[in-house]
Amino acid sequence: MHSLTPLPAELVDFYDDGEHTRHFHFRLLEEPLGTSREHLSHWQQTQTGQFFMLTVPSLGEAPFSFTEVPDENGHFRALIRRMGAVTSALFELEAGQVLGVRGPFGIGWPMDEISNKRVLAIGGGCGLAPLVSAVDQLIERQNYTQLTLVYGARTRQAQMLNPERERWQHIIPVYNTIEDGLTNGRDNEYPGTPSDILPSVLDTFGELPEVVLLAGPEAMMYSIAEYLVAYGVSAQAIYLSIERRMHCAVGTCGHCYMDSQYACTDGPTFRWDQLPSK
Ligand SMILES: Cc1cc2nc3c(=O)[nH]c(=O)nc-3n(C[C@H](O)[C@H](O)[C@H](O)COP(=O)(O)OP(=O)(O)OC[C@H]3O[C@@H](n4cnc5c(N)ncnc54)[C@H](O)[C@@H]3O)c2cc1C
Ligand code: FES
């Protein structure tokens, strides 16, 4: 089922969010264009935290997380930052254009293990993208004993997923940090980085978090993981979403090799104590 041949997907619509970042809504196209019922049901089994490869014809492919995993009609979404050739080309597209997609790939967040636990989710910048569907799923199923989100952005303009965080903060504690310190004075917004407010966030947990999900810049994730372990959180309770340059996404080309593992097939989510090449 993990074909190297992309399936056709239509760009349904999009909207800008933050700086140089855009939400894209895709729909897998059914036969006769290419996506058989079998493929569709495979995509419908996507786990939160998995990723897909998106092809811009004649330009290339790049991996992206699902902010919404495919529904029964093959609709799914991603939050994409403009970086280089592939992403810049994506920002030039109009609704209705057809792209190629492969996937879903990799190991997602351990949602079964998270069930009925005290969960702390921390995202930095565009790194919040792989956490969106996990937070939504936990809230929808209400299967946590505590769920707290910390989101860090460099500036107010760079903040993204505002409607989502607004919606979540009515249901769970959401702490927003802004690195340049220009906060709006609201009580869930703090100057600095997620690391700066971590001690006070941990104080709100009666007992230690039982699961921590981290996504964002590696330096941020690594320093937070080290802090949490020193604080007493089990290394086996901490999961990170790791990004590496990828080509095949199926463990054959070696581009994403990390010591003894491949980020594409052994990741992109890794448990902190099992993460190669820290
Ligand atoms: C599993 C996974 C999930 C991802 N999810 C998202 C997502 O949800 N949203 C999003 O915007 N991006 C995501 N990315 C990153 C995204 O794939 C890259 O930004 C993309 O490859 C850029 O392609 P490009 O052709 O536009 O830029 P390129 O020309 O390939 O690169 C532009 C710049 O980005 C750097 N770069 C490219 N890819 C990576 C990478 N994987 N790690 C570190 N630096 C890189 C290059 O070195 C270069 O400096 C994810 C990556 C992985 C591996
Ligand atoms: S991208 Fe080819 S081995 Fe991971």
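Small disclaimer: the values here were computed from a predicted structure and weren't measured.

Rules used throughout
Residues numbered from 1 in each chain as written. Chains lettered and ligands numbered in written order. Predicted model: local features only at pLDDT ≥ 70, side-chain atom pairs only at ≥ 80, totals over all residues. Heavy atoms only, no water. Phe/Tyr/Trp six-rings, centres within 6.5 Å; stacked < 30°, edge-to-face > 60°. Helix = DSSP H or I, 4+ residues; strand = E, 2+ residues; numbered from the N terminus. Buried < 20%, exposed > 50% of the residue type's maximum accessible area, 1.4 Å probe, protein only. Disulfide = S-S within 2.5 Å. Pairing = 2+ DSSP bridges. Axes fitted to C-alpha atoms, helices over the stretch in contact; angles between N-to-C directions. Contact = heavy atoms within 4.5 Å. Parallel < 35°, antiparallel > 145°, perpendicular 65-115°, else oblique. Left-handed = near helix turned anticlockwise from the far one by under 90°. Nonpolar A, V, L, I, M, F, W, Y, C, P; charged D, E, K, R; others polar. UniProt positions renumbered as here; feature names shortened; annotations may be inferred. 1 Å grid on protein atoms, 1.4 Å probe; cavity = no way out; pocket = protein on both sides within 12 Å on 5 of 7 lines; lining within 4 Å. Points joined across faces, edges and corners; volume = space filled by probe spheres on them.

## A look at the packing of aromatic side chains
Pairs of aromatic rings are described using the distance from one ring centre to the other and the angle between the two planes. Across all of its chains, the model carries 16 aromatic pairs by this definition. For the ring pair Phe66 and Phe76, a centre distance of 5.6 Å and an interplane angle of 65° mean the geometry is edge-to-face. Within this pair, whereas Phe66 is found in the loop between strand 4 (60-65) and strand 5 (75-81), its partner Phe76 is found in strand 5, the two being separated by ten residues in sequence. The buried category is assigned to Phe66, whose relative accessible area is 1%.

## Quick look at the state of the cysteines
For the coordinates displayed, the defined rule picks out zero disulfides. The thiol of Cys126 is not disulfide-bonded; the next cysteine sulfur, from Cys256, is found 20 Å away. On the basis of relative accessibility, which here comes to 17%, the residue Cys126 falls in the buried class.

## Examining the sheet that holds strand 6 (residues 98-105)
Taken together, six strands build an open sheet; the order of strands is 4-3-6-1-2-5 and the sheet is antiparallel. Either end of the sheet is taken by a strand with one partner, and the two such strands are strand 4 and strand 5. On average, each strand axis in the sheet is inclined to that of its neighbour by 40°, with strand direction left out of account. Note that strand 3 (residues 51-56) and strand 6 share four bridges and pair antiparallel. Directly across from Phe51, in strand 6, lies its bridge partner Phe105. Of the strands in this sheet, strand 1 (7-16), strand 2 (21-28), strand 3, strand 5 and strand 6 touch helix 1 (residues 37-44), which is tilted by about 60° from strand 6.

## A look at the packing of helix 6 (residues 194-203) against helix 7 (residues 218-231)
One way to put it is that helix 6 packs onto helix 7 with a least axis distance of 11 Å and a crossing angle of 30°. The angle between helix 6 and helix 7 falls in the class roughly parallel. Both helix 6 and helix 7 take part in a crossing whose hand is right-handed. Taken together, the residues of helix 7 that come into contact with helix 6 (itself represented by Pro194, Ser195, Leu198, Pro199, Leu202 and Asp203) are Met220, Ser223, Ile224, Tyr227, Leu228 and Tyr231. Residues that form the contact of helix 6 with helix 7 fall into these classes: nine nonpolar, two polar and one charged.

## Quick look at the UniProt feature "binding site: [2Fe-2S] cluster" (unreviewed entry) in the chain
In the UniProt entry, the feature "binding site: [2Fe-2S] cluster" (unreviewed entry) is given for Cys248, Cys253, Cys256 and Cys264. Despite a sequence span of 17 residues, these residues sit close together in the fold, their greatest C-alpha distance being 10.3 Å. Here the residues from the annotation list that line the second largest cavity are Cys248, Cys253, Cys256 and Cys264. Along the chain, Cys248 falls in the loop between strand 12 (238-241) and strand 13 (257-258).

## Re the layout of surface pockets
Quantified by volume, the largest pocket comes out at close to 1300 Å³. Lining of the largest pocket is provided by 45 residues; of these, Pro63, Arg81, Met83, Cys126 and Glu243 occupy positions nearest its centre. Looking at the lining of the largest pocket, the elements that each hand over two or more residues are strand 3, strand 4, strand 5, helix 2 (85-90), helix 4 (129-141), strand 8 (146-153) and helix 7. When residues of the lining of the largest pocket are assigned to their parent elements, the largest contribution, five residues, is made by strand 4. A class-by-class count of the residues in the lining of the largest pocket yields 25 nonpolar, twelve polar and eight charged.

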